[in-house]
Amino acid sequence: MRINTIFSVTVMPKVYAFGNKGDLVSRSKKDLQQFKEKTLGSILIMGRKTYESMGSKDLPGRKSIVVSSKSEINSLDKALEEAKRIGSDNNTCFVIGGVSLISEGMKRNLFNDIYLTMFLGSQYVAYDVAFGREFLDYLESGYEPMHKDADLSNSEERTINGIEGEGSVNYLHFSKKVTLSSSS
Ligand SMILES: NC(=O)c1ccc[n+]([C@@H]2O[C@H](COP(=O)([O-])OP(=O)(O)OC[C@H]3O[C@@H](n4cnc5c(N)ncnc54)[C@H](OP(=O)(O)O)[C@@H]3O)[C@@H](O)[C@H]2O)c1
């Protein structure tokens, strides 16, 4: 099974804001569209709080596997086993949050593809869950950029902490680095 992740961060001076009070920090139409296009037909693996942030129900066309210390699926590995057991038409699952499950997957180099939306250029952002700098280290060591749909000069409508405005949004795609084993 292909294991991917898809998520967004809002870039701050020292952190990458991920969530605020049970909601996303930032959103854009294109980001939400991309999430739908990429994940339709796949299994979504998520932490309990992310599941609650979606109203504790599956998104249409996608099955959810929820990780909680209070359930049988109490680790990322158990969730991945469950995803393989139930299967999906496209043989793909996405870890969609939160920070600890995505960080674990990145650190262990489990992901085939990483779809990362970066909201840039915001002044002050309210958040209660964020990645630290180590998140870029995991990206750099295990993954390589495939392409970039938007460049820094592109500005589009977006909402940060519920406030609508214009700003740069980068849609990035990384794939696992291919390591060639030496044959001689
Ligand atoms: N920016 C984005 O792309 C994005 C995507 C998704 C969600 N979000 C936002 O992020 C926030 C939620 O994320 P979060 O990081 O705070 O929480 P989360 O990871 O979704 O949920 C945390 C809970 O999940 C369970 N859990 C997670 N990892 C586990 C593990 N390895 N083993 C056992 N249990 C585990 C635990 O549940 P128990 O307490 O039940 O044991 C833990 O308290 C919300 O604000 C949501 O809107 C943002």
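Each remark here, short or long, concerns the structure printed above.
Since the model is a prediction, treat every value here as computed from it, not as a measurement. (Residues numbered from 1 in each chain as written. Predicted model: local features only at pLDDT ≥ 70, side-chain atom pairs only at ≥ 80, totals over all residues.)

(A) Focus on the environment of T179. Tracing the backbone through its elements, the reader meets T179 in the segment after β12 (163-176). The exposure class assigned to T179 is exposed, which follows from the 7 C-beta atoms found within 10 Å. The spacing of T179 and K107 is 72 residues in sequence and 16 Å in space, taken between C-alpha atoms. (Helix = DSSP H or I, 4+ residues; strand = E, 2+ residues; numbered from the N terminus. Buried ≥ 20, exposed ≤ 12 C-beta atoms within 10 Å, placed from the backbone.)

(B) Focus on the site of the ligand. Neighbouring the ligand are 28 residues, the closest being G19, G47, S69, G97 and G98. Of all the elements in the fold, those that place two or more residues in the shell around the ligand are β1 (2-11), β2 (16-20), β3 (23-24), β5 (43-47), α2 (48-53), β7 (92-97) and α4 (99-107). The biggest single contributor to the shell around the ligand is α2, with four residues. Considered class by class, the residues forming the shell around the ligand number 10 nonpolar, 14 polar and four charged. (Near = placed C-beta within 6 Å. Nonpolar A, V, L, I, M, F, W, Y, C, P; charged D, E, K, R; others polar.)

(C) Inspection of the packing of α4 against helix α5 (residues 134-142) at higher detail. For the pair α4 and α5, interaxial distance at closest approach is 9 Å and the crossing angle is 30°. For the element pair α4 and α5, the recorded crossing hand is left-handed. Along the contact surface, α4 presents S103, M106 and K107, while α5 presents F135, Y138, L139 and G142. For the contact of α4 with α5, the class distribution of residues is four nonpolar, two polar and one charged. (Axes fitted to C-alpha atoms, helices over the stretch in contact; angles between N-to-C directions. Left-handed = near helix turned anticlockwise from the far one by under 90°. Contact = placed C-beta atoms within 7 Å.)

(D) Local environment of α5. Those residues of α5 not exposed but buried are F135, Y138 and G142. Summarising the axial view, the buried residues of α5 lie within an arc of 60°, below the 170-degree limit, and thus occupy one face. Away from its buried face, by an angle of more than 90 degrees, α5 presents the exposed residues L136, D137, E140 and S141. (Arc of directions from axis to C-beta.)

(E) The environment of I73, seen in detail. Here I73 is to be found in the loop between β6 (63-67) and α3 (76-86). Under the C-beta neighbour-count criterion, I73 is labelled partly exposed, with 19 such atoms within 10 Å. Once you skip the residues sitting within four places of it in the chain, I73 turns out to touch I65, V66, V67, K78, A79 and E82.

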